[in-house]
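Geometric and topological summary
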Amino acid sequence: MRFLLDPEQRAFADSLNAMLTAADTPSVVREWSRGEHTSGRALWRRIAEAGVFALAVPEAYEGLGPRPVELAVAFVELGRHAVPGPLVEMVMAAALLTEPGPAKRLLPALASGEVMATAAPAGSYALDGDVATTRLSWDGDGLRMAPGHGPVRASLDPARRLTRLLPGGELLTPEPPLAHALTWARLATAAQALGVGLALLDRTVAYVKQRTQFGVPVGSFQAVKHQLADAKLALEFARPLLFGAALTMTESDVAAAKVTACEAAYRTARTALQLHGAIGYTAEYDLSLWLTKARALRSSWGSPGECRAAVLDGLSGGGRRS
């Protein structure tokens, strides 16, 4: 089955790509990694104005959605440009806030980008808790508005700044839809990972055309072509799984898309690192911004093992629609 975007969806992707290309996201990522959020917040507002966050918010709360296919389209572009910030967590926050009272109070501001939300289980690390204005945490008592955060910790991806959320805070709902929210988070992560992988492939193809050895471009070597072809096949196989999952939104389909897209991005990252040689290991080289993100997304909101288990559960009849 072929999943083709319609003209409106393609135009949406093209407009995001153009906007993010003009924003010089590598500079934004590096500033964000240092804890300097001015340029990142400005980019965040432009992404919100484009309607990205509103795609996860129901129309009843001033959103455009929920529209999972369009959300996947957007997150591919966000991953392609390595945009920093709690992007997936914004989607998860929208999926968690289903009680009418908290939803009416918080979702319109989330859709407009007025607030930046992060979310994490109690006791674990939340992404960008230091810059988020809304921090959601859940435990056995339910979903809470965390009152603050602890110190920032280093991450595998320097742009992913981790903090523990403080316990306590306002109880928003005793029974948050955790499985539903996790499915949305995994869909957004899968799309982001696919975009990361596509960017790594494009950059590596361009590099091997320029780099020469024995007087000819490295890209002319058969072994190099085979590695790039394998990476491209893995990414192209992940694409229909992603958009198929966005149509069904079952836990097992989304888990399959997540593990496939993240493994494809990780494989492409390893290929990119090998073909770039020593320069690929340097933090100053822009490639590193995507390399570290591919590794981090692989385990974010579900390790490969956890996602495979969810797929098997779906095959045995345990999968649910979210």
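What counts, and at which threshold
- What you see as residue numbers is a count from 1 along each chain, following the sequence as written.
- Two thresholds apply to this predicted model, a pLDDT of at least 70 for residue-level local features and 80 or more for giving and counting side-chain atom pairs, whereas whole-chain, interface and lining totals are computed over all residues.
- Computation of side-chain values covers all heavy atoms of the structure but excludes hydrogens and water.
- The helix and strand labels rest on DSSP assignments: H or I over at least four residues marks a helix, E over at least two residues marks a strand, and numbering proceeds from the N terminus.
- As defined in this context, the radius of gyration uses C-alpha atoms, and a globule is described by 2.2 Å times the residue total to the power 0.38.
- Using a 1.4 Å probe on the protein chains alone, a residue whose accessible area is under 20% of its type maximum counts as buried, one over 50% counts as exposed, and one in between counts as partly exposed.
- Using only the protein atoms, space was sampled on a 1 Å grid; points where a 1.4 Å probe fits but cannot get out form cavities, open sets with protein on both sides within 12 Å along at least five of seven lines form pockets, and lining residues are those with an atom within 4 Å of a point.
- Grid points are joined across faces, edges and corners, and a volume is the space filled by probe spheres set on the points.
- All residues other than Ala, Val, Leu, Ile, Met, Phe, Trp, Tyr, Cys, Pro, Asp, Glu, Lys and Arg, Gly among them, are scored as polar; the first ten of these are nonpolar and the last four charged.

**A short note on the overall build of the protein chain**
Counting its regular elements, the protein chain contains 11 helices and eight strands. Its C-alpha atoms give the protein chain a radius of gyration of 19 Å, within 12% of the compact-globule value 20 Å for 322 residues. Taking the principal axes of its C-alpha atoms as reference, the protein chain extends roughly 65 × 45 × 35 Å. Of all 322 residues assigned to the protein chain, the portion counted as buried reaches 53%.

**Here's the deal with empty space enclosed by the protein**
Taken as a whole and assessed by the stated rule, the structure comprises two cavities of 30 Å³ or more. Its boundaries defined by the atoms lining it, the largest cavity holds a volume of some 90 Å³. If you go around the largest cavity, you meet 15 residues; those closest to its centre are Gly85, Glu89, Leu127, Arg160 and Gln192. Among the elements of the structure, α5 (87–96), α7 (178–210) and α10 (287–299) are those that each provide at least two residues to the lining of the largest cavity. For the lining of the largest cavity, the element with the most residues is α5, which contributes three residues. Partitioned by chemical class, the residues of the lining of the largest cavity number eight nonpolar, four polar and three charged.

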